[in-house]
Amino acid sequence: MDKITKINSGEKFTHTSVGKLAEFNGKQFLKDTVGTTGCEISFGTIEPGQAAPFFHSHKQNEEIYIILSGAGDFQVNDTAFPIAEGSIVRVATASNRSIRCTSTEKMLYICIQAKEGSLEQCTMEDGEITQQETKW
């Protein structure tokens, strides 16, 4: 699977799928399909022995990379370090970054972009317990 499919949506939600993660290949951004307004999320894969084709940086958005499978190296400016399944890497704005796969299996990762410094409330500071009848 290398495509995001919209399954269902309503006034306050969108339900999509990338299918079986083990079958996912390529790079797909969720913003347009899901309709996010505060962040961008993408799924990406890198084949064994391959790397992202370029370094890049962002002017406003920090990025969080979550490695779901595989292993490799990550570089931020002049610092390179190993990453593997379970690794989480945050990269600030105005920082060059790139990623490569050194494992014998493809690397699968999620990347989340959000405006640096924009998180004003989180977890229970922003959430509240409500009453709702369950429908399942």
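Residues numbered from 1 in each chain as written. Predicted model: local features only at pLDDT ≥ 70, side-chain atom pairs only at ≥ 80, totals over all residues. Heavy atoms only, no water.

Engineer: Quick question: what am I supposed to make of the pattern of salt bridges here?
Structural biologist: Side chains carrying opposite charge are able to pair once their charged atoms draw close together. The tally for this structure, following the rule as stated, stands at six salt bridges. Linking Asp 73 and Arg 100 is a salt bridge whose minimum nitrogen-to-oxygen distance equals 2.7 Å. With Asp 73 in strand E6 (residues 71–76) and Arg 100 in strand E9 (residues 97–101), the pair connects residues that are 27 residues apart, well separated along the chain. Measuring nitrogen to oxygen at the nearest pair gives 3.8 Å for the salt bridge that ties Lys 135 to Glu 133. Judged by relative accessible area, which is 69%, Lys 135 ranks as exposed. One salt-bridge network, held together by shared partners, links Glu 62, Arg 90 and Glu 116. (Salt bridge = Lys/Arg side-chain N within 4 Å of Asp/Glu carboxyl O. Helix = DSSP H or I, 4+ residues; strand = E, 2+ residues; numbered from the N terminus. Buried < 20%, exposed > 50% of the residue type's maximum accessible area, 1.4 Å probe, protein only.)

Engineer: Looking at this model, I keep getting lost on the sheet that holds strand E4 (residues 39–46). Mind explaining?
Structural biologist: Consider a sheet: its strands pair through backbone hydrogen bonds, and that pairing is either parallel or antiparallel. One open sheet accounts for five strands, arranged E3-E4-E10-E5-E8; its pairing is antiparallel. Lying at the two open borders of the sheet, with one neighbouring strand each, are strand E3 (27–29) and strand E8 (88–91). Neighbour-to-neighbour, the strand axes of the sheet open up by a mean angle of 15°, direction not taken into account. As paired elements, strand E5 (residues 61–69) and strand E10 (residues 107–115) share eight bridges and run antiparallel to each other. (Pairing = 2+ DSSP bridges. Axes fitted to C-alpha atoms, helices over the stretch in contact; angles between N-to-C directions.)

Engineer: How should the nonpolar core be read in this particular structure?
Structural biologist: Note on soluble globular proteins: their nonpolar side chains tend to be buried together. If you look at the biggest cluster of nonpolar residues, it comprises 13 residues, and the most contacted ones within it are Tyr 65, Phe 74, Ile 83, Ile 99, Met 107 and Tyr 109. Within the residue set of this core, elements represented by two or more residues are E5, E6, E8, E9 and E10. With near-sequence residues (within four places) excluded, Tyr 109 lies in contact with Lys 27, Ser 42, Phe 43, Gly 44, Thr 45, Ile 46, Tyr 65, Ile 66, Ile 67, Leu 68 and Ile 99. With seven residues, the next largest nonpolar core counts Val 18, Phe 43, Leu 108 and Ile 110 among its residues. (Core = buried A, V, L, I, M, F, W, Y, C linked by side-chain atoms within 4.5 Å. Contact = heavy atoms within 4.5 Å.)

Engineer: Even after reading the chapter, I still don't get the side chain of Ser 98, so can you show me in this structure?
Structural biologist: Tracing the backbone through its elements, the reader meets Ser 98 in strand E9. For Ser 98, the side chain forms a polar contact with the main-chain oxygen of Phe 54, separated by 3.5 Å. In contact with Ser 98, not counting residues within four places along its chain, are Ala 52, Phe 54, Phe 55, Asp 73, Phe 74 and Gln 75. (Polar contact = N/O pair within 3.5 Å; in protein donor to acceptor, adjacent residues only side chain to side chain.)

Engineer: Which parts of the structure should I look at to understand the sheet that holds E6?
Structural biologist: In space, the three strands of this open sheet follow the order E7-E6-E9, with antiparallel pairing throughout. Looking along the sheet, the strands with just one partner apiece sit at the ends: strand E7 (79–84) and E9. Between one strand axis and the next, the sheet turns through 20° on average, direction left out of account.

Engineer: So what exactly am I meant to see when it comes to the side chain of Ser 103 here?
Structural biologist: Topologically, Ser 103 is positioned in the loop between E9 and E10. Ser 103 gets classed as buried once you look at its relative accessible area, which sits at 15%. Engagement of the side chain of Ser 103 in a polar contact is seen with the backbone nitrogen of Ala 71, the distance being 3.2 Å. In this structure the side chain of Ser 103 is engaged in a polar contact, spanning 2.6 Å, whose partner is the backbone oxygen of Glu 105.

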